[in-house]
Amino acid sequence: MAKIKMSKKAASIDMTAMCDVAFLLLTFFILTATAKVPEPISVDTPSSTVKTKLPDTDLVTITVGKGKENMFVDIKGRELRKKTLELMGQKYGVSFSDEQKEQFALMESFGVPIQNMAEIIKMKSADRNKQGLQPGVPYDTIVGSQTNQLKDWIYTARQANIELGSDKELNFAIKGDAKLEYPKVKIVMDILQDQKINTFDLVTGLRGENF
């Protein structure tokens, strides 16, 4: 008996639905992703499995680099930043215009003496964040020294928070490089504790629990 040969047809899969899903997912991730804020100093934070998120406002982050100076300050909250700059200017006899205060409120972390702040404010973000451009906030550790501007930034930020009528305590965090020697981080801890700030966060990078 003769065998009947079935005609073979190439199988095809309709990929339209899969492409739609892929583009929807891609759109979702683009819209929900948070762009990394450029920083004037590169820091490789130590790894940790802790998932606690730092607050988006009422936060002062002190970044400690590996160089001789390299102390950088970041203040979260526009009004808090403007008020802190105003108080620092009054303390050091440096005046800032309303426009400069508005620009400072939109800046990233900074690391220059208050006397040079106006020069940094007028720069574009890409220029001011070039590695090595900002030397760091002065933090003279000599007792009674008048050049410990890091201490004054911390103090005036707390003062600004009070004057703005905030009912929340200002939060502080220390962000240091994983290869940084402990004594330099301790300098920041000592400055905080001298101002009765005994609770602060240490910024780390998230890693898997199986490492």
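Just above sits the structure.
The structure reproduced in this document is the subject of the present report. Worth saying up front: this structure is predicted, and the values here are computed from it rather than measured. (Residues numbered from 1 in each chain as written. Predicted model: local features only at pLDDT ≥ 70, side-chain atom pairs only at ≥ 80, totals over all residues. Heavy atoms only, no water.)

**Focus on helix H7 (residues 182–194)**
Then step 1. With 13 residues, H7 extends 18 Å from end C-alpha to end C-alpha; this agrees with the ideal 18 Å at 1.5 Å per step.
Then step 2. Within H7, burial applies to Lys184, Val185, Val188, Met189, Ile191 and Leu192. End-on, the buried residues of H7 take up no more than an arc of 160 degrees, which puts them together on one face. Residues Tyr182, Pro183 and Asp194 are exposed on H7 and point more than 90 degrees away from its buried face.
Then step 3. Downstream of H7 by one or two residues, Lys196 has phi in the positive range, about 65 degrees. (Helix = DSSP H or I, 4+ residues; strand = E, 2+ residues; numbered from the N terminus. Expected span 1.5 Å × (residues − 1). Buried < 20%, exposed > 50% of the residue type's maximum accessible area, 1.4 Å probe, protein only. Arc of directions from axis to C-beta.)

**Things to note about the side chain of Asn129**
Then step 1. Take Asn129: it is sitting in the loop between helix H5 (125–128) and helix H6 (149–163).
Then step 2. Classification of Asn129 as buried rests on a relative accessible area of 9%.
Then step 3. In this structure the side chain of Asn129 is engaged in a polar contact, spanning 3.3 Å, whose partner is the side chain of Glu108. (Polar contact = N/O pair within 3.5 Å; in protein donor to acceptor, adjacent residues only side chain to side chain.)

**Looking at the pattern of salt bridges**
Close approach of charged atoms lets side chains of opposite charge pair.
Then step 1. Applying the stated criterion across every chain, the model contains 10 salt bridges.
Then step 2. Linking Lys76 and Asp74 is a salt bridge whose minimum nitrogen-to-oxygen distance equals 3.2 Å.
Then step 3. Its relative accessible area of 29% is what places Lys76 among the partly exposed residues.
Then step 4. For Asp74, a relative accessible area of 13% gives the class buried.
Then step 5. A salt bridge links Asp127 to Lys130, with the shortest nitrogen-to-oxygen separation between them at 3.8 Å. (Salt bridge = Lys/Arg side-chain N within 4 Å of Asp/Glu carboxyl O.)

**Thoughts on the environment of Thr52**
Then step 1. Mapped onto the elements of the fold, Thr52 is located in the loop between strand S1 (47–48) and strand S2 (59–64).
Then step 2. Judged by relative accessible area, which is 68%, Thr52 ranks as exposed.
Then step 3. C-alpha of Thr52 to C-alpha of Val203: the two residues are 151 residues apart in sequence and 9.7 Å apart in space.

**Observations concerning the sheet that holds strand S3 (residues 71–76)**
Then step 1. Here we have four strands laid out as an open sheet, ordered S3-S2-S4-S5, and mixed in their pairing. Sheet topology places S3 and strand S5 (201–202) at the edges, where each strand pairs with a single neighbour.
Then step 2. The sheet contact formed by strand S4 (residues 171–176) and S5 spans two bridges and is parallel. Looking across to S5, one finds that Ala173 is bridged to Asp201.
Then step 3. Relative to the sheet, H7 contacts S2, S3, S4 and S5, its axis offset from that of S4 by approximately 170 degrees. (Pairing = 2+ DSSP bridges. Contact = heavy atoms within 4.5 Å. Axes fitted to C-alpha atoms, helices over the stretch in contact; angles between N-to-C directions.)

**Digging into the pairing of S2**
Then step 1. Of all six residues making up S2, six are buried, and the element is well covered by its neighbours.
Then step 2. Because side chains alternate across S2, one face comprises the buried residues Leu59, Thr61 and Thr63, and the other comprises Val60, Ile62 and Val64, equally buried.
Then step 3. When S2 meets S3, the two strands line up antiparallel, connected through six bridges. If you follow Thr63 over to S3, its bridge partner there is Phe72.
Then step 4. Of the strand pairs in this sheet, S2 and S4 are connected by six bridges, and their pairing is parallel. The residue of S4 that forms the bridge with Val60 is Phe172.

**Looking at the packing of aromatic side chains**
Then step 1. This model, assessed by the stated rule, comprises three aromatic pairs.
Then step 2. Ring centres of Phe104 and Phe110 lie 5.3 Å apart, and the angle between their planes is 55 degrees; on these two criteria the pair is classed as tilted.
Then step 3. Looking at Phe110, the relative accessible area reads 0%, which means it is buried.
Then step 4. Judged by centre distance (4.7 Å) and plane angle (55 degrees), the rings of Phe110 and Trp153 are tilted. (Phe/Tyr/Trp six-rings, centres within 6.5 Å; stacked < 30°, edge-to-face > 60°.)

Any functional reading would require information beyond the geometric quantities listed.
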